[in-house]
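The chain contents come next:
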Amino acid sequence: MAKSYWVSLILLIFLNYQIPSQAQQEYVNNKQLDCDSGVVYNATFGNLCNGVSRSCNSYLTFRSIAPYNTPPTIAFLLSSTASAIATANNISDVALIPDNTMVIVPVNCSCSGKYYQHNASYVLKQHGETYFSVANNTYQALTTCQAIENQNVYDKRNLSAGMNLSVPLRCACPTTKQEDSGFKYLLTYLVAQGESVSGIGSLFGIDEQSVLDANELSDSAFIFYFTPIMVPLTKVPDPIKLAASPPPPPPPSTAAASNDSSSSKKWVIVGVAIGAVLILLLGLSGFLFWYCRRRSHQWKSQLPSSAPTSTDITKKTADSGTTRSWSISSEGLRYAIDSLTVYKFEDLQKATSFFSEANQIKGSVYRATFKEDAAAVKIYKGDVSKEISILKRLNHTNITRLSGFCVHKGDTYLVYEFAENGSLDDWLHPNNDKSKNKFQNSLSTLNWRQRVQIAHNIADALNYLHNYTNPPHIHKNLQSGNVLLDENFRAKVSNFGLARVLDDDEEGGFQVTRHVIGTQGYMAPEYIENGVITAKMDVFAFGVVILELISGKEAIVGEEKLLSSCAREVLEGENVREKLRGFVDPSFGDEYPLDLVYSMAQLAKRCVERDINSRPGISEVFMTLSKLQSSTVDWDPSDELDRSRSVSKVSDAR
């Protein structure tokens, strides 16, 4: 506590010494270092939405450093695209970029409340990481500890590995005055040691005064190294000029004061006070990290049993990624990789026997083996950065995860964990000619307990997407073919190719699209008819999957009849129990609890109601299935068999 007090006190003394700025896009002036005092600096939250447009194309600069030293890995961290980074820097989309090379990163900048920002996300890799370290070490001051803390629910004193942070990156759109002066873009530039405002302007072919104006700085103002500064651009930044820029120092640590500040106050200076403060901060962080590492065996056991995730894109496929880098044990989840593995194409060829027909699972999905560990490799045409961007925000054991990728001749190869038992569709509809089932073993069908477990797993994943991600996500393409089964028949939701974020700013809590796409039989009526997108469309699709689990039928019965319509016919009117017996999958025989089946069917019926307001929320669905699963555990199949025999004897006596 004493150290924290003195750190805060020194920061306050130093920061209050700085020259105040009435900035339109206020220069942060090293205020991003003050993470603990509780003093509010508006400049640290982001750039004000004072531009002509509420969203625009913008640029960030990032210094390459392992593991973020290729276009795909930098794109993964900053939520950009590998192809856009490669084009902006005139390099290959799989190039290995030398350390400390400045990389231009094109992003979309948009208003979020009163501030401009580009949204990224980051999963904490190890205990000891803080908002300060993420902002300044991982993201190189493209954001601030204050901005991250402001947009996340986690207490800064209780961060732990596995937490998924929203990271607002600083950007801005040109103002009217800037557009009138011919500026089309704004670039967020990380000041390096020894750089001046005039030098930064020259780097981009912009005069010094324009850079000063963009940050509302006077010609005598100080700028500090390792702080972001806005640079107005008249055109797309030139990668050739950027290649000649000086390499930056590491993040601030024990920096000495600049010796030549008296000759020009425009040159970047580093105060001795910053050095002292940072020494204390780093010393304290080092002690906390050492202390927490010693107690790692205690906190690991408390981590939730969930895993980083991934996805797939095409319909009715069983895609996933490797499991070799992750493991779940009695000590909890162990996070073993820092970022996605970048595979060589030759390695994928070897692992899939040159994408042989024998290793083909479905369509463009192939089984692969990496050092005796199974994986699934899917080939994508075009840019899949959107799907990867969504995956990195998710972290749940019932969502299939991505382990690596490869880009080769314009195609992207994603490596997923392997689903030993294929898709739910394979098991419920084994005679379906649409795909060959290469997974089903000697078991002829899924039993009742397995089906309830699968339904519960899917509901758990959807509940996470709708209620525990920030912002909420909608899957939009839930179907039995997009539910994968591991070796223990636990379900993992896959295929996030159509998934989208549900923006809380949308009126009424829903979105509308003219581009309706999905799988017939699973799409909600309001989406088909009016393009309305809400979380309840996932609930509708899940209701159809529950009906598939109960009946063994497909989403479309016969040529045109929907399974959701059949459910209403079965559960309404007279003789419901007898009609339900005829609806239940005949492969069960008599080994199913009719009362529990009825409860589950009633839940499915509510999920597939035409009226969106009559459907339950996924949290209610999840709780109901939790109770059903608990009751199923206590159910004894022999009781049902004895009951059936008793009924048969009574009938014979009559």
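Cut-offs and rules
Residues numbered from 1 in each chain as written. Predicted model: local features only at pLDDT ≥ 70, side-chain atom pairs only at ≥ 80, totals over all residues. Heavy atoms only, no water. Helix = DSSP H or I, 4+ residues; strand = E, 2+ residues; numbered from the N terminus. Buried < 20%, exposed > 50% of the residue type's maximum accessible area, 1.4 Å probe, protein only. Contact = heavy atoms within 4.5 Å. Areas by Shrake-Rupley, 256 points an atom, 1.4 Å probe, with all protein chains shown as cover. Pairing = 2+ DSSP bridges. Phe/Tyr/Trp six-rings, centres within 6.5 Å; stacked < 30°, edge-to-face > 60°. Disulfide = S-S within 2.5 Å. Core = buried A, V, L, I, M, F, W, Y, C linked by side-chain atoms within 4.5 Å.

Colleague: So, the overall build of the protein chain: which residues are in play, and what are the values?
Modeller: Counting its regular elements, the protein chain contains 22 helices and 23 strands. Looking at the 654 residues of the protein chain, the share that counts as buried comes to 55%. Intrachain contacts of the protein chain at a sequence separation of at least 6 include 72% that bridge at least 24 residues. Accessible surface, the protein chain as shown: approximately 29300 Å² in total, 50% of it carbon and sulfur.

Colleague: Mind laying out the pairing of strand E4 (residues 115-123), listing which residues take part and the relevant values?
Modeller: Counting buried positions along E4 gives eight out of nine residues, so the element sits mostly inside the fold. Examined bridge by bridge, strand E1 (residues 47-48) and E4 share two bridges and lie antiparallel to one another. Across the sheet, asparagine 47 pairs through a bridge with tyrosine 116, a residue of E4. Pairing analysis gives three bridges linking strand E3 (residues 102-112) to E4, with the strands arranged antiparallel. Residue pairing across strands places serine 110 opposite glutamine 117, the latter belonging to E4. Linking two consecutive strands that pair antiparallel, namely E3 and E4, is a turn of two residues; a positive phi of about 70° is found at glycine 113 within it. Relative to strand E5 (residues 164-169), E4 is paired through six bridges, and the arrangement is antiparallel.

Colleague: Account for the packing of aromatic side chains, with residues named and values stated.
Modeller: In the structure shown here, the tally under the stated rule is 11 aromatic pairs. Taking 5.6 Å as the distance between ring centres and 85° as the angle between the ring planes, the aromatic pair formed by tyrosine 59 and tyrosine 185 counts as edge-to-face. With tyrosine 59 in strand E2 (residues 55-63) and tyrosine 185 in strand E6 (residues 185-190), the pair connects residues that are 126 residues apart, well separated along the chain. An angle of 75° between the planes, with centres 6.2 Å apart, marks the rings of tryptophan 448 and phenylalanine 588 as edge-to-face. Note that tryptophan 448 is positioned in helix H15 (residues 448-467) and phenylalanine 588 in the loop between helix H19 (576-583) and helix H20 (594-607), a separation of 140 residues in sequence. Assessed through its relative accessible area of 2%, tryptophan 448 is described here as buried. In this structure phenylalanine 588 comes out as buried when scored by relative accessible area, which is 7%. The structure contains a cluster of three or more aromatic residues connected by ring pairs, namely Phe345, Phe355, Tyr366 and Tyr413.

Colleague: An account of the sheet that holds strand E10 (residues 341-342) is requested, with residue identities and associated values reported.
Modeller: The strand order across the open sheet built from six strands is E10-E14-E15-E13-E12-E11, with neighbouring strands paired in mixed fashion. Strands with a single pairing partner mark the edges of an open sheet, and in this sheet they are E10 and strand E11 (360-362). Strand direction decides the pairing type here: strand E14 (residues 402-408) and strand E15 (residues 411-417), joined by six bridges, are antiparallel. Residue leucine 402 lies in a different strand from E15, and its bridge partner there is tyrosine 416.

Colleague: Now, about the pairing of E3: what can you tell me, with residues and values included?
Modeller: Side chains on a regular strand alternate between the two faces of the sheet. Buried residues dominate E3, accounting for eight of its 11 residues. Two strands pair when backbone bridges link them, and E2 and E3 are joined in this way by nine bridges, in the antiparallel orientation. The partner of serine 58 across the bridge, within E3, is valine 107.

Colleague: Help me get a handle on the state of the cysteines, residues and values and all.
Modeller: Evaluated as defined, the whole model comprises three disulfides. The disulfide that involves cysteine 49 links it to cysteine 111, with 2.2 Å between the sulfurs. Taken as a pair, cysteine 49 in the loop between E1 and E2 and cysteine 111 in strand E3 lie far apart in primary sequence, 62 residues in all. The exposure class assigned to cysteine 49 is partly exposed, which follows from its relative accessible area of 24%. Note that cysteine 56 is cross-linked by a disulfide to cysteine 173, the S-S spacing being 2.1 Å. The S-S bond linking cysteine 56 to cysteine 173 shows a torsion near -100°; that makes this disulfide left-handed. In this pair, cysteine 56 sits in strand E2 while cysteine 173 sits in the loop between E5 and helix H6 (176-180), placing the two residues 117 residues apart along the sequence. Neither cysteine 56 nor cysteine 173 differs from the other in exposure class; each is buried.

Colleague: Could you give an account of the nonpolar core, with specific residues and numbers?
Modeller: Counting 80 residues, the largest nonpolar core has Ile458, Leu478, Phe496, Phe542, Leu580 and Met600 as the members making the most contacts within it. Residues Ile74, Ala75, Tyr131 and Tyr139 belong to the second largest nonpolar core, which totals 29 residues.

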